[in-house]
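Structural description and commentary
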Amino acid sequence: FPSHDRYLNNHIGLPLTLVNMPLDSDVAVLEMGMNHEGEIYHLSSIAKPDIAAISWVAENHIENLGSLENIAKAKAEIFDWLKRSGSAIIPADNDQFSTLSEILENSDITNIASFGLEQNNVYEEDDDYGFNIEDDEFLIDKKICDELVLNNILCALTICKEAGAR
């Protein structure tokens, strides 16, 4: 059950999304938005994720959090409610990778995955980006995919892999 309206990623929208899910849903993909410390913690306490991914850490919320490191720490609040058997996913190419890695190393989380342009062997081939996830090869047209979109695709495919999709 997808939640893709940007207004459904807050303390009102996320619970509404969960309440309105069909009872026979097996999966929910939820976005958690934030611009202050504690917001992801609250949303995660409601969602209690099996898989928690941070797709990127950027200066979007610097005005309220003061630094990229503080933004990374606020986003990492999602891991506080990750189920013990769950998977944590972080972006290997991000400047805050070491901050996120350190947070996870000091947690009880044992299943940690990452994704990135180098890690997934992204290469340029004519009009396409090519990359692999484990033994699967993918080509994506550059006309529809810049590096930000490619990063999000790598994150999504890593989530799928951690969820057991093949």
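Attention here is on the structure that accompanies the text. (Residues numbered from 1 in each chain as written. Predicted model: local features only at pLDDT ≥ 70, side-chain atom pairs only at ≥ 80, totals over all residues. Heavy atoms only, no water.)

1. A short note on the side chain of Thr158
Looking at the element boundaries, Thr158 is found in helix α6 (residues 147–162). Relative accessible area serves as the criterion here: at 4%, Thr158 is assigned to the buried category. Here the side chain of Thr158 touches Leu154 through a polar contact of 2.7 Å, landing on its backbone oxygen. With near-sequence residues (within four places) excluded, Thr158 lies in contact with Ile89, Ala113, Ser114 and Phe115. (Helix = DSSP H or I, 4+ residues; strand = E, 2+ residues; numbered from the N terminus. Buried < 20%, exposed > 50% of the residue type's maximum accessible area, 1.4 Å probe, protein only. Polar contact = N/O pair within 3.5 Å; in protein donor to acceptor, adjacent residues only side chain to side chain. Contact = heavy atoms within 4.5 Å.)

2. Notes on the side chain of Asn151
Residue placement: Asn151 occurs in helix α6. Exposure remark for Asn151: the relative accessible area of 8% places this residue in the buried category. A distance of 3.1 Å separates the side chain of Asn151 from the backbone oxygen of Ser55, its partner in a polar contact.

3. Points about the state of the cysteines
A full pass over the atoms with the stated rule returns 0 disulfides. In this structure Cys145 is not part of a disulfide, and its nearest cysteine sulfur, from Cys155, lies 14 Å away. What makes Cys145 buried here is its relative accessible area of 3%. Free cysteine: Cys160, not disulfide-bonded; nearest cysteine sulfur from Cys155 at 9.7 Å. Note on Cys160: relative accessible area 36%, which makes it partly exposed. (Disulfide = S-S within 2.5 Å.)

4. Describing the packing of aromatic side chains
The relation between two aromatic rings is expressed through the spacing of the ring centres and the mutual angle of the planes. Applying the stated criterion across every chain, the model contains 2 aromatic pairs. When the ring of Tyr41 is compared with that of Trp81, the centres are 5.8 Å apart and the planes differ by 65°; the resulting orientation is edge-to-face. A residue pair is termed long-range when its members are at least 10 positions apart, and Tyr41 in helix α2 (residues 39–47) and Trp81 in the loop between α4 (68–75) and β2 (87–91) qualify at 40 residues. The class of Tyr41 is partly exposed, set by a relative accessible area of 39%. Look at Phe131 and Phe138: their rings are 5.3 Å apart centre to centre, the planes differ by 20°, and that puts the pair in the stacked class. Given the relative accessible area of 0%, Phe131 is considered buried. Lys142 extends its terminal NZ or CZ atom over the ring of Tyr129, reaching a point 5.7 Å from the ring centre. (Phe/Tyr/Trp six-rings, centres within 6.5 Å; stacked < 30°, edge-to-face > 60°. Lys NZ or Arg CZ within 6 Å of the ring centre and 35° of its normal.)

5. Examining the pattern of salt bridges
Summed over all chains, the structure comprises 5 salt bridges. For Lys73, the salt bridge identified is with Glu69, shortest N-O distance 3.3 Å. Taken together, the positions of Lys73 and Glu69, both in helix α4 and 4 residues apart, correspond to about one turn of that helix. The salt bridge partner of Lys142 is Glu124, with a shortest N-O separation of 2.5 Å. Highlighted residues: Lys142 in the loop between β6 (136–141) and α6 and Glu124 in strand β4 (residues 123–125), separated in sequence by 18 residues. A relative accessible area of 27% means that Lys142 is categorised as partly exposed. (Salt bridge = Lys/Arg side-chain N within 4 Å of Asp/Glu carboxyl O.)

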